[in-house]
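Structure assessment
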Amino acid sequence: MSNQLNGAYYGPSIPPPQPHRRHRNDSSCGFCSCLCGCFRGCCGCIFNCILSIICKILTTIIIIAVILGFLAWLIVRPNVIHFTATDASLSQFNFTKNNTLNYDLAVNITIRNPNRRVGVYYDSIETVAFYKDVAFGNQTLGGFFQHHKSTNFLNPVFKGEQVILLSSDQVSDFDKEKESGVYGIDVKILMNVRFKLGLFKSGKAKPKVRCDLQIPLKSGNGSSLSNVFQVTECDWDYKWRLFH
């Protein structure tokens, strides 16, 4: 019994603890991840700062432009230039069976510049006459400068003959207008213009004006066969309503 107690029993031997090995790959990856996160954070911060500065600059430029534009409008107070057909004389307007139109038309158009500070250079002016949207005559007029608060006059004359193609419906409309003695004729004004404000001159623009006219045919003695011509306001092409 004593022999059994003298031999200490400790059970199976416990293996010695293994030394802890550092995982260099994990540590380096953690460092790289941290570095990349910091780099991304810095880049994002810098990008946001640059974007904020750009937005502030653009906002400032827009505000300054709006203020300057409003001040310029207060100083100049631009108004639309008025084109008015004050008179028209149609002494011949015959459409023959061989599609030839014989015409003799004279139109008086006034140009009123109501602006107090804006002048207009009309570098070139071309007038074109249309019937049923088909051009049958044109005339080029000389250029001029129109001072502010002034009125100028255009007197285009269209005379000759022109072959034009009209549909059956348009020929029918022509016959109806022939019976009434009043023809619907459009006169378009094509221009190259520049605007002057003090010493400043704008670049060239190419506006268009259209006069939709109802013109009575005159007899051989010069009197109208039916109605008297009505003074007609001309319209700017919708792309060139510069002063509305």
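Residues numbered from 1 in each chain as written. Predicted model: local features only at pLDDT ≥ 70, side-chain atom pairs only at ≥ 80, totals over all residues. Heavy atoms only, no water.

**Regarding the confidence of the model for the chain**
Close reading of the predicted structure is inappropriate where its pLDDT is low. We count it as follows: Per-residue confidence from the predictor is reported as pLDDT, a score between 0 and 100. Here, residues are in contact when the closest pair of their heavy atoms is within 4.5 Å.
On average, residues of the chain carry a pLDDT of 81, and 72% of them reach 70 or more. Confidence over residues 25-29 falls short of pLDDT 50; this stretch has zero contacts with residues more than four positions distant or in other chains. Considering only residues more than four positions removed or in separate chains, one finds that residues 240-244, a stretch of pLDDT under 50, has 12 contacts.

**Some remarks on the state of the cysteines**
Keep this limit in mind: Counting rule for disulfides: a pair of cysteine sulfur atoms within 2.5 Å. Going along the chain from the N terminus, every DSSP run of H or I of four or more residues is numbered as a helix, and every run of E of two or more is numbered as a strand.
Scanning all chains against the criterion turns up one disulfide. Between the sulfur of Cys-211 and that of Cys-234 lies a disulfide, 1.9 Å long from S to S. Between Cys-211 and Cys-234, the S-S dihedral sits near 100 degrees, and the bridge is therefore right-handed. One end of the pair, Cys-211, is in strand E10 (residues 208-216); the other, Cys-234, is in the loop between strand E11 (232-233) and strand E12 (235-236), with 23 residues separating them in the sequence.

**Describing a positive patch on the surface**
Basically, it comes down to this: Note on patches: the residues involved have over 30% relative accessible area and no salt bridge, like charges join within 9 Å, and the nonpolar side chains Val, Leu, Ile, Met, Phe, Trp and Tyr join within 5 Å. Note on areas: these come from Shrake-Rupley sampling with a 1.4 Å probe, and a residue is covered only by the protein chains present in the view. The salt bridge criterion pairs a side-chain nitrogen of Lys or Arg with a carboxyl oxygen of Asp or Glu, the two atoms within 4 Å. When charges are counted, Lys and Arg contribute as positive and Asp and Glu as negative, whereas His and the chain ends are disregarded. Charge coordinates come from a single atom per side chain, which is NZ of Lys, CZ of Arg, CG of Asp or CD of Glu. For every residue, the accessible area obtained with a 1.4 Å probe (protein chains only) is divided by the maximum for its type, and the residue is called buried under 20%, exposed over 50%, and partly exposed between those limits.
On the surface, a cluster of positive charge is made up of Arg-112, Arg-116, Arg-117 and Lys-149. Considering the arrangement of structural elements, one finds Arg-117 in the loop between strand E2 (100-113) and strand E3 (118-131). Assessed through its relative accessible area of 39%, Arg-117 is described here as partly exposed.

**Focus: the packing of aromatic side chains**
Let me state the cut-off plainly: Aromatic pairing here means that ring centres of Phe, Tyr or Trp (its six-membered ring) are within 6.5 Å. Orientation follows from the plane angle: under 30 degrees is stacked, over 60 is edge-to-face, and everything else is tilted. Sitting over a ring, as applied to charges here, requires NZ of Lys or CZ of Arg to be within 6 Å of the ring centre and within 35 degrees of the ring normal.
If you walk through the whole model with that rule in mind, you get 11 aromatic pairs. Aromatic side chains Phe-93 and Tyr-131 sit 5.4 Å apart centroid to centroid with 70 degrees between the ring planes, which places their arrangement in the edge-to-face category. In this pair, Phe-93 is assigned in strand E1 (residues 82-95) and Tyr-131 in strand E3, connecting sequence segments 38 residues apart. The same class applies to Phe-93 and to Tyr-131, which are both buried. A connected cluster of aromatic rings, assembled from ring pairs, spans Phe-93, Phe-95, Tyr-103, Tyr-131, Phe-136, Phe-174 and Tyr-183. Positioned over the ring face of Phe-130 is Lys-188, at 4.8 Å from the centre of the ring. Here the guanidinium or amino end of Arg-194 rests over the ring plane of Tyr-121, the centre of that ring lying 4.6 Å away.

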